[in-house]
Amino acid sequence: MHAVDGVTLEVEKGSIQGLIGPNGAGKTTLVNVITGYVPFQAGKAWLEDDQLTGLPAHRIAGLGVARTFQNIRLFKDLSAVENVIVGMHSRRRDDTLAQLGTLPFFRRDQRARFNEAHRLMETAGLDPGEVGKRAAGTLPYGDQRRLEIARALALQPRLLILDEPAAGMNPSEKQGIRELIERLNKDGLTILLIDHDMQLVMGVCDRVAVLNFGRKIADGTPEQVSTNAAVIKAYLGTGSERQASSAPGATGVEAVAAEEAQAKAGSKPAAEPANSILDVHELSVSYGSVNAVRAASLRVAAGEVVALIGANGAGKTTILSALSGLIRPASGTAVFDGLDLTTAKASAIVRHGLVHVPEGREILGRQTVLENLELATWARRDRAAAATQIAAVMRRFPILGERRRMRAGTLSGGEAQMLAIARGLLGKPRLLLLDEPSLGLAPQMVDEVFAAIKEIHDDGTTILLVEQNALRALAIADRAYVLETGRILLTGSGDDLLHNPAVRRAYLGG
Amino acid sequence: MGQQILNAIFIGSIYALFAVGYTLVFGVLDILNLAHSAVFTLGAAVTYTLVVNHGQSFWLACVVGILVAALMGLVIEYVCLRPLRRRRAPPIAALISTIGLALIIIAAIEQGRPGTLFAWLWVDGANPVTMPPGTFPNPTWHVAGLTLEGSKLAVIPISVVLMLVLGYVMRFTQVGRALRAVAENPRAARLMGIDVDRMIALTLIISSALGGLAGILFGVALGDISPYIGRDSVEVRGLAVIVLGGMGSIPGAVLGGYLLGLIEVLAVVLLGSNVRAGVAFAALFLMLVLRPQGFFGAQLREKV
Amino acid sequence: MDFFIQLFSDPVAFWQSHTLLVSQIGINSILASSMFVVLYSGQLSLAAPGFMAIGAYTSVLMDLNLHTPLAVDFAAGTALAGVVGALVGLPVLRLRGVFLAIATIGFIEALSLGVILNLPITGEGLGLRNIDADPVGGVYIVLISLAVAVFLLWRLTKGRLGYAWTAIRQDELAARSQGIDVARYKLIAFVISALLAGYAGAAESHLYFILDPNEYGVPRTVQVLTFAVLGGSGNVLGPVVGALFLTTFPFVFKQAGDYIGVVSGAVLIAIIIFRPQGIVGRGGFAVVRPRWWPHPQLRAPSTG
């Protein structure tokens, strides 16, 4: 299986090139190959006249290819200024001998370095006076992203690769990043931008390339790409309805939703249920300085399918992780059938009947399919019934029965998702949390997965579903919540939201 | 030569038993438990003291020795490891805290003299001792020019049986699957309702019990019990074994144990006894340079 | 307590009766500094005693057999340690975390058991007698070299080299993306550490009349590691403070005397749990969290 398969990409000097594709399409892998972290197996790369193929990462950086990382890799314990100074490494003279000797000479040099670092920070939109001395790990999220860019700029690069620089930001923060990118480009920097936010990418890039399953499926101007049928299909999956592309420059949901809500004043929204088995109130969760979820409230009644949709970085997975006990919220309450989820141990939560099937499936690759299933009955007291249930589950998902003696790591994406769901079911859940079940799956696998979800629901299991594929999710959901940068923005019945123009433009339009 | 082979198998069994405990902890926790060799020593010391200073029966003393070792496993978890996990400390911290506990254990034994604080544990200070003859059955046979000592021979089936049992448990029981799940992916294990903390405690108990038993077998069969047997015989060799076999792999530890026993014996035969120990470490170094994951370990890669 | 009383009431007499102690503190501080360099660059190298041995034996053998001046002996010992440091450091560069630690343990044990204990010229198990030893005169040389070493290291950490090391320690991957040749800088740190340890070994060998081959094994490396961790490896002064504290500890607490091992172990555990950055920390109370570990770490899920 190829993570990147025969991709040819040309980035014009002085332009901003976008690189998009669904999760798992190979975008980051491609970047890792270009920047020297993953070896070239076939093919070559050049930066102007310099060949990059086969060079180690630090040499490529030295040639002028700078990058930021998807997961922010700052030197957390160093101050912001120090981070940028490290970035100046390849431009600095080797001053080892000078260090060992004359102090005054060194001081002058050091002052020059600090000034340069301050200048770079200002270019990236940071206030050196305010954040310069603070440890990078303590900075607010947006500032960390900017700092990573400042550090990359210290390389005086010819090409700057930004890997999801705006992930997890609210619309105004994203606007700031967009302005930064445009400013850097105007000063002559060539930029390769990877991101999931279509409005950002389409709005700022001169050209956009699209990857899917490791292959390039489109390459052209934003207008061309966003109306390309193959691209739409890759992103949206096969829903019964499809929306044309979003207009470049559209703003986030917030502003539009306010308008639409007024216009819709007449129609009845779906009410939240009176008796719910899951009651979440003003939940807030943070990772260090990142406020991933802010005062979110939602309810789920027995027998419902509730969908949680929103863009990447909106906080959906964080909410689920807080509910299943993997992380502790900063504030707020979450009660599941009498159990306080904010303090209970994860294993106790599972025993109480709340099962979380995580994003990325997280099956135990080294154990066999059967072992995975058997282990899933760990929390149950009724062992005998468990055995019959395992058989039942293998009947419902025949592929698992076929492959039961094979190591789970050899399953394809779709099969692994089936296994993950089956595993979740074997825990005898009263509430099943499904996190991005269609992630990285080919369209027909997605169909099968959603069919399975429907069956499970028909059997009476309550489901809280998190999905990027908003079309499918809203189509099967009774009710849904829309999450944006950690806040619940809208709620309504699946149908209502499906037809809500603001939702459609932001999340379904490409 | 035949005698040497026999010795190799015997000492290899001890190495294997010890290394299995080592690698089990590494597999589940990604930590090197440097208190393991101290537990090895403790097992031998406790058994000896019970027999010689407290007049207990040999068999009872052995059982108690193993129990004490297992208990020490719990101490390691609650004192050294869990507080660090709670604080999300980097792995080196666990290395240091287990070193600290090892220091305490060995120093306590070293200081054991009549009338001191630790006299109940040990009274011979830094001196090596041997189990008095007659405490345990030790028939000796002479067959085909080989000397077969009952105690040494017994070590082999005991070790083999234990390793088979452990292997069976790990592969075929629910608990074994749970431990492997924690080793592979603690997050996924939690989501399946597995209490990861409890599994870790269980791992330490099993590992330390095995370590303590290895110490008892060593001390009894070889007739060498002192505060330093852990440090001198197995501490560093245990590392060599798990590196050879692959860190985290139980079959690797078993294979590595016997392999090391064999390498050492061959080194003695071919190069003379002085080079013996040095060979083990040369092998260790080479393995790390050429194939850090050992024979059975998984490839190590960091994600970008 | 009489220790402190004498220290403050009659410093001259104190100095005269404790010269050897001061020298040993100095030596241990240089060793701790050698540890500092590798830890600062993110490498958990436990090879210091091996390089000490090289420095010690080379200088003593040269002195006894070639009758060269002391300065030449020291220089030769240090230089040879540096050369071996480069040879050992090169193959182990890509090993991370515990694997590097084990490889270096393999090195020192192989050196100790394979070489030192086996060569007639090194006196095999009995060690060497150094008739030219000078327990008292050496103290000034030791203290001056310590001051110079610490100063040089301090300056290095402030320069381009130090920044590169810090970046590597924090995140090798990100360091590479900034154009830092990680392999080269790690090797430089490794060799500097070997030079320092070699020098310390040479100096120490001229303080005592007997050169004991057992001094250069795992217990020594644990001791040096403890100096660095206790004092804090984020700051050049940290390990020195750690060495000072731990070397004088048994002298100050003579009552503890016998139980020094137990107390040390307990203190070690307490410090690593409650103040992992060591006594000195980073001078800024930040906790240093290196990304050494080879196993992919479970990080917080992406915000989404």
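A.B. asks: So what exactly am I meant to see when it comes to the overall build of chain C here?
C.D. replies: Within chain C, the regular secondary structure consists of 13 helices and 2 strands. Considering only intrachain contacts with a sequence separation of at least 6, the fraction spanning at least 24 residues in chain C is 80%.

A.B. asks: Teacher, can you tell me more about the overall build of chain A here?
C.D. replies: Along chain A, the regular secondary structure elements total 22 helices and 18 strands. Taking all 510 residues of chain A together, 50% fall into the buried category. For chain A, long-range pairs separated by at least 24 residues make up 70% of all intrachain contacts whose partners lie at least 6 apart in sequence.

A.B. asks: Teacher, can you tell me more about the interface of chain A and chain B here?
C.D. replies: As a measure of interface size, the accessible area lost when the parts come together is often cited. Taken together, the contact between chain A and chain B spans 24 residues of the former and 16 residues of the latter. A breakdown of the residues in the side of chain A that touches chain B according to their chemical character gives 11 nonpolar, 6 polar and 7 charged.

A.B. asks: Just checking my understanding: could you explain the confidence of the model for chain C for this structure?
C.D. replies: Low pLDDT means the predicted atomic positions in that stretch should not be read closely. Residue and element names in this part refer to chain C. Per-residue confidence for chain C gives a mean pLDDT of 82, with 86% of residues at or over 70. Helix 10 (residues 182–205) holds the highest mean pLDDT among the elements of chain C, 94, whereas helix 1 (residues 2–9) holds the lowest, 69. Note that pLDDT drops below 50 for residues 283–304; the model gives that stretch 52 contacts with residues more than four away or on any other chain. Model confidence for the complex is summarised by a pTM of 0.82, with the ipTM given as 0.84.

A.B. asks: When you look at the sheet that holds strand 7 (residues 207–212) of chain A in this model, what are you seeing that I'm missing?
C.D. replies: Whether parallel or antiparallel, the strands of a sheet pair through hydrogen bonds between backbone atoms. Residues and elements named next belong to chain A. Taken in spatial order, the 6 strands of this open sheet run 4-5-6-1-7-8, and their pairing is mixed. In the strand order of this sheet, the two ends are held by strand 4 (65–67) and strand 8 (215–220), each with one partner. Sheet twist, expressed as the mean angle between neighbouring strand axes with direction ignored, is 20°. Bridge count between strand 1 (residues 16–20) and strand 6 (residues 190–194): 4 bridges; the pairing is parallel.

A.B. asks: I keep staring at the nonpolar core and nothing clicks. Help me out?
C.D. replies: A general trend in soluble globular proteins is that nonpolar side chains are found buried together. Membership of the largest hydrophobic core comes to 357 residues, with the highest contact counts inside it found for Leu193 and Leu465 of chain A, Met192, Ala240 and Leu284 of chain B together with Met35 of chain C. For this core, the leading source of residues is helix 1 (residues 2–29) of chain B, giving 16 residues. Residues lining this core come from more than one domain, with at least three contributed by each of domain 1 (16–236) and domain 2 (276–508) of chain A.

A.B. asks: How should the domain arrangement of chain A be read in this particular structure?
C.D. replies: By domain assignment, chain A separates into domain 1 (16–236) and domain 2 (276–508). In this structure, domain 1 of chain A and domain 2 of chain A have C-alpha centres spaced 34 Å apart.

A.B. asks: Is there a simple way to explain helix 4 (residues 48–66) of chain C in this structure?
C.D. replies: An α-helical turn contains 3.6 residues, so any two residues separated by three or four positions project in the same direction. Residues and elements named next belong to chain C. Its 19 residues place the ends of helix 4 26 Å apart at the C-alpha level, agreeing with the 27 Å of an ideal helix rising 1.5 Å per residue. For helix 4, the tally of buried residues reaches 16 of 19 residues, placing the bulk of the element in the interior. Just downstream of helix 4, histidine 67 is the residue with a positive phi angle, here 55°.

A.B. asks: Quick question: what am I supposed to make of helix 8 (residues 196–222) of chain B here?
C.D. replies: Residues and elements named next belong to chain B. Here helix 8 is 27 residues long and its end C-alpha atoms lie 38 Å apart, about the 39 Å a rise of 1.5 Å per residue gives. Of all 27 residues in helix 8, 20 are buried, a share of seventy percent or more. Downstream of helix 8 by one or two residues, glycine 223 has phi in the positive range, about 65°.

A.B. asks: What's the story with the interface of chain C and chain B in this structure? I'm lost.
C.D. replies: Listed by partner, the interface residues are 41 residues for chain C and 44 residues for chain B. Counting only elements with at least two residues in the side of chain C that touches chain B, the list comes to helix 6 (97–116), helix 11 (218–231) and helix 13 (260–274) of chain C. In terms of residues, the side of chain C that touches chain B owes the most to one element, helix 6 of chain C, which gives 12 residues. Of the residues that constitute the side of chain C that touches chain B, the class distribution is 30 nonpolar, 8 polar and 3 charged.

A.B. asks: Would you mind showing me how to read the confidence of the model for chain A here?
C.D. replies: Averaged over all residues, the pLDDT of chain A is 80; the fraction at 70 or higher stands at 84%. Scored below 50 in pLDDT, residues 236–269 of chain A shows 58 contacts in the model against residues more than four places distant or in partner chains.

A.B. asks: Teacher, can you tell me more about the sheet that holds strand 11 (residues 305–309) of chain A here?
C.D. replies: All names here are of chain A. On the basis of which strands lie adjacent, the open sheet formed by 6 strands has the order 14-15-16-11-17-18 and mixed pairing. Both outer strands of the open sheet, strand 14 (354–357) and strand 18 (487–493), are each paired with one neighbouring strand and no more. On average, each strand axis in the sheet is tilted by 15° relative to the strand beside it, whichever way the strands run. Direction of pairing for strand 11 relative to strand 17 (residues 479–484): parallel, over a ladder of 4 bridges. The partner of leucine 308 across the bridge, within strand 17, is tyrosine 481. Most of the contacts of helix 13 (residues 316–323) go to strand 15 (residues 431–435), to which it runs at about 145°, and overall it touches strand 11, strand 14, strand 15, strand 16 (462–467) and strand 17.

A.B. asks: Is there a simple way to think about the environment of glycine 332 of chain A in this case?
C.D. replies: Position of glycine 332 of chain A relative to the elements: it lies in strand 12 (residues 331–336). Judged by the 18 C-beta atoms lying within 10 Å of it, glycine 332 of chain A is partly exposed.

A.B. asks: Would you mind showing me how to read unusual backbone geometry here?
C.D. replies: Both trends apply: most residues other than glycine have a negative phi, and most peptide bonds are in trans. Residues and elements named next belong to chain B. With a phi angle near 50°, arginine 88 is a residue other than glycine that sits in the positive phi range. Take arginine 88: it is sitting in the loop between helix 3 (58–86) and helix 4 (91–110). Overall, the presence of 9 C-beta atoms within 10 Å leaves arginine 88 in the exposed class.

A.B. asks: Can you help me understand the packing of helix 5 (residues 70–89) of chain C against helix 10 of chain C in this one?
C.D. replies: In a pair of packed helices, the angle between the axes and the distance between the axes together describe the arrangement. All names here are of chain C. Packing of helix 5 against helix 10 brings their axes to within 7 Å, and their N-to-C directions diverge by 145°. Judged by the twist between their axes, the crossing of helix 5 over helix 10 is right-handed. On the side of helix 5, the interface is formed by Asp73, Phe74, Gly77, Thr78, Leu80, Ala81, Gly82, Val84, Gly85, Ala86 and Gly89, while helix 10 contributes Leu187, Phe190, Val191, Ala194, Leu195, Ala197, Gly198, Tyr199, Gly201, Ala202 and Ala203. Of the residues contributing to the contact of helix 5 with helix 10, the split by class is 14 nonpolar, 7 polar and 1 charged.

A.B. asks: Just to check I follow, could you spell out the environment of leucine 373 of chain A for this structure?
C.D. replies: Looking at where leucine 373 of chain A falls in the secondary structure, it is placed in helix 15 (residues 369–376). Here the alpha-carbon distance between leucine 373 of chain A and glycine 64 of chain A, two residues 309 residues apart in the chain, equals 50 Å.

A.B. asks: When you look at the packing of helix 3 (residues 19–40) of chain C against helix 12 (residues 238–252) of chain C in this model, what are you seeing that I'm missing?
C.D. replies: Residues and elements named next belong to chain C. Contact pair helix 3 / helix 12: the axes reach a minimum separation of 8 Å and the direction vectors enclose 145°. In this structure, the crossing between helix 3 and helix 12 has a hand that is right-handed. Together, Leu21, Gln24, Ile25, Asn28, Ser29, Ala32, Ser33, Met35 and Phe36 of helix 3 and Pro239, Val240, Gly242, Ala243, Leu244, Thr247, Thr248 and Phe251 of helix 12 make up the contact between the two elements. For the contact of helix 3 with helix 12, the residue count by class is 10 nonpolar, 7 polar and no charged.

A.B. asks: Got a minute to help me understand the pairing of strand 1 of chain A in this structure?
C.D. replies: Side-chain positions along a regular strand alternate between the two faces of the sheet. Most of strand 1 of chain A sits inside the fold, with 5 of its 5 residues counted as buried. Side-chain alternation along strand 1 of chain A places Ile16, Gly18 and Ile20 of chain A on one buried face and Gln17 and Leu19 of chain A on a second face that is also buried.

A.B. asks: I tried to follow the environment of tryptophan 165 of chain C on my own but got confused; where do I start?
C.D. replies: All names here are of chain C. Mapped onto the elements of the fold, tryptophan 165 is located in helix 8 (residues 160–170). We classify tryptophan 165 as buried; it has 26 C-beta atoms within 10 Å. Once the C-alpha coordinates of tryptophan 165 and leucine 39 are considered, the two residues, 126 residues apart in sequence, prove to be 9.4 Å apart. Those residues in contact with tryptophan 165 that lie beyond four places of it in its chain are Tyr40, Ser41, Tyr185 and Ala189.

Procedures and definitions
Starting afresh in each chain, residues are numbered from 1 along the sequence in its written order. Here chains are named by letter from A upward and ligands by number from 1 upward, in the order in which they appear as written. Local features in a predicted model are, by the rule used here, given only for residues with pLDDT of at least 70; side-chain atom pairs are given and counted only at 80 or more, and totals for whole chains, interfaces and linings are based on all residues. To qualify as a helix, a DSSP run of H or I must reach at least 4 residues; to qualify as a strand, a run of E must reach at least 2; elements of each kind are numbered from the N terminus. In this description, any two residues whose backbone-derived C-beta atoms lie within 7 Å of each other are considered to be in contact. The exposure scheme places C-beta atoms from the backbone and then counts, for each residue, the other C-beta atoms within 10 Å of its own, assigning buried at 20 or more, exposed at 12 or fewer, and partly exposed in between. Gly is put with the polar residues, along with every residue not named as nonpolar or charged; the nonpolar set is Ala, Val, Leu, Ile, Met, Phe, Trp, Tyr, Cys and Pro, and the charged set is Asp, Glu, Lys and Arg. The predictor rates its confidence in each residue with pLDDT, a number between 0 and 100. Pairing between strands is defined by DSSP: at least two bridges between them are needed. To get an axis, fit a line to the C-alpha atoms, keeping to the stretch in contact for a helix; angles then go from 0 to 180 degrees between the N-to-C directions. Nonpolar cores are identified as sets of buried Ala, Val, Leu, Ile, Met, Phe, Trp, Tyr and Cys residues joined via C-beta atoms within 7 Å. Note that domain bounds follow an automatic or database assignment of domains. Given a helix with a known number of residues, its expected span is that number minus one, times 1.5 Å. We call a crossing left-handed when the near helix sits turned anticlockwise from the far one by less than a right angle, and right-handed when that turn is clockwise.

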